[in-house]
Amino acid sequence: MNYEGQICRAPMERASFMLPVMVGCTYNRCKFCDLFKHLTYRELPLKQIEEELKRVQSAGGDPGKVFLGDGNAFSLSPDRLQEILEMIHSYFPSCEAVNMDATVTSILSKSQEDLDRLYKAGVRHLYIGIESGLDDVLTFMEKDHGLEEAYEAIRRLKKAGLIYDAHIMTGVAGHGRGRENAEALAEFFNRTQPRHIVNFSLFLHKDVSLYEEIKNGRFVPADELENLQEERRLLELLEEAQEIRYDGLHDFLEIRVRGILPREKEKMLEKLDRAIAEEKGKGIEAWVEGMPVP
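Read on for a plain summary of the structure. (Residues numbered from 1 in each chain as written. Predicted model: local features only at pLDDT ≥ 70, side-chain atom pairs only at ≥ 80, totals over all residues. Heavy atoms only, no water.)

### Here's the deal with the sheet that holds strand E5 (residues 123-131)
- Reading across from one edge, E2-E1-E3-E4-E5-E6-E7-E8-E9 is the order of the 9 strands in this open sheet, with mixed pairing throughout. Both edges of this open sheet fall to strand E2 (42-43) and strand E9 (256-261), since each of them pairs with a single strand only.
- Direction of pairing for strand E1 (residues 17-25) relative to strand E3 (residues 65-71): parallel, over a ladder of 5 bridges. Across the sheet, residue methionine 18 finds its bridge partner in E3, namely phenylalanine 67.
- Set on the sheet, helix H10 (residues 265-279) makes contact with strand E8 (244-249) and E9; between it and E9 the angle comes to about 160°. (Pairing = 2+ DSSP bridges. Helix = DSSP H or I, 4+ residues; strand = E, 2+ residues; numbered from the N terminus. Contact = heavy atoms within 4.5 Å. Axes fitted to C-alpha atoms, helices over the stretch in contact; angles between N-to-C directions.)

Structure follows, in structure tokens:
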């Protein structure tokens, strides 16, 4: 497979066949993200996409799930997505689901009829970067949506039968605001009920614009103790009307908290309690001083 850039997809898509349909990200302005900054966004030609499908088919491939890459594939027009979906089902008759990243804006840009049509054509899971439950944090990080827009987008996609999966980032609200952010996120998720929640935790890369905000004092990062406490508070407050799969990853700690809520909640909280106990006594000053800079 010819692929430009860094492959990025949710852990639950690790067994899916990844089909590139674009290079880069249509938005590419989030302060914390460096995945696509070096790329010039463009849509891949349909001929190139079809050649990749033919290559996999000729090798005996017939995947049951396909993940469309790269950043925010759902931003493609409904007609173009429809063409790609038809090609996928033509070459992969066993395919039962086509999943991809989406933004709130890319969902709201499509009519309810468009969403209905794409569901019928095989789109199932949309991964949305919710990131924070606080509007001022979303604005500061230059996300392309606010909370009310997110509520509306999720209402519309669920009406079409699409499955909503959420990406969040503990630490995104900064030092001293983890509990506030956890409680706001819990309220949001208790109302919207995602199928999956993936927490990537805030990764501070020197090449992103957020790093400049740290240097000029406009953003003070949370330490890993705060991130763990924020994660615990979120899991504690989640009210599961349905099963939710949770996967939490941290960049500077060898801990991964994952499981199915509600049945594995206590086990996940106990794991976090142990990690929190180990981190007690580490201050943010010591953490920032020793923070590895890529």
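### Looking at the packing of helix H7 (residues 178-192) against helix H9 (residues 224-237)
- For the pair H7 and H9, the least separation of the axes is 8 Å and the interaxial angle reads 30°. Here H9 runs roughly parallel to H7, going by the angle between their axes. Between H7 and H9 lies a crossing of right-handed hand. Note on element contacts: H9 touches H7 through Glu230, Arg233, Leu234 and Leu237, opposite Gly178, Arg179, Asn181, Ala182, Glu183, Leu185, Ala186, Phe189 and Asn190.
- Among the residues forming the contact of H7 with H9, the class breakdown is 6 nonpolar, 3 polar and 4 charged. (Parallel < 35°, antiparallel > 145°, perpendicular 65-115°, else oblique. Left-handed = near helix turned anticlockwise from the far one by under 90°. Nonpolar A, V, L, I, M, F, W, Y, C, P; charged D, E, K, R; others polar.)

### As for the packing of aromatic side chains
- This model, assessed by the stated rule, comprises 5 aromatic pairs.
- Between the aromatic rings of phenylalanine 140 and phenylalanine 219, the centroid separation amounts to 6.1 Å while the plane-to-plane angle is 15°, which identifies the pairing as stacked. One end of the pair, phenylalanine 140, is in helix H5 (residues 135-140); the other, phenylalanine 219, is in the loop between helix H8 (209-215) and H9, with 79 residues separating them in the sequence. Phenylalanine 219 matches phenylalanine 140 in its accessibility class, with the two residues each being buried.
- On the basis of an interplanar angle of 45° and a centroid distance of 4.7 Å, the ring pair of tyrosine 151 and phenylalanine 188 is categorised as tilted. Linking tyrosine 151 in helix H6 (residues 147-159) with phenylalanine 188 in helix H7, this pair joins segments that are 37 residues apart in sequence.
- Through a chain of ring-to-ring contacts, three or more aromatic side chains come together here, namely Tyr151, Phe188 and Phe189.
- For lysine 31, the ring lying beneath its charged end belongs to phenylalanine 140, and the centroid distance is 4.0 Å. (Phe/Tyr/Trp six-rings, centres within 6.5 Å; stacked < 30°, edge-to-face > 60°. Buried < 20%, exposed > 50% of the residue type's maximum accessible area, 1.4 Å probe, protein only. Lys NZ or Arg CZ within 6 Å of the ring centre and 35° of its normal.)

### Considerations on the environment of glutamate 187
- Structurally, glutamate 187 can be placed in helix H7.
- For the pair glutamate 187 and glutamate 52, spaced 135 residues apart in sequence, the C-alpha separation works out to 42 Å.

### Some points on H7
- Over its 15 residues, H7 runs 21 Å from end to end, which matches the ideal 21 Å to within 8%, given 1.5 Å per residue.
- Taken together, the buried positions of H7 are Gly178, Asn181, Ala182, Ala184, Leu185, Ala186, Phe188, Phe189 and Thr192. (Expected span 1.5 Å × (residues − 1).)

### What to know about the side chain of aspartate 144
- Relative to the helices and strands, aspartate 144 resides in the loop between H5 and H6.
- No salt bridge forms around the buried aspartate 144; measuring N to O, its nearest opposite-charge neighbour lysine 143 is 5.1 Å away.
- In this view, aspartate 144 contacts Tyr27, Thr103, Thr105 and Glu149; residues no more than four positions away in its chain are not counted. (Lys, Arg positive; Asp, Glu negative; His and termini not counted. Salt bridge = Lys/Arg side-chain N within 4 Å of Asp/Glu carboxyl O.)

### As for unusual backbone geometry
- That bond from glycine 69 to aspartate 70 is cis: its omega, 20°, falls within 30 degrees of zero.
- As for its placement among the helices and strands, aspartate 70 is situated in strand E3.
- Here the amide bond leading from leucine 261 into proline 262 is cis, since omega sits at 5°, within 30 degrees of zero.
- By secondary structure assignment, the location of proline 262 is in the loop between E9 and H10.
- Located in the positive-phi region is asparagine 28, a residue other than glycine, with phi close to 60°.
- Here asparagine 28 shows up in the loop between E1 and E2.
- A residue is classified by how much of its surface remains accessible, and asparagine 28, at 23% relative accessible area, is partly exposed.
- Despite not being glycine, glutamate 131 shows a phi value in the positive range, around 65°.
- Tracing the sequence through the fold places glutamate 131 in strand E5.

That's the geometry; what it means functionally is another story.
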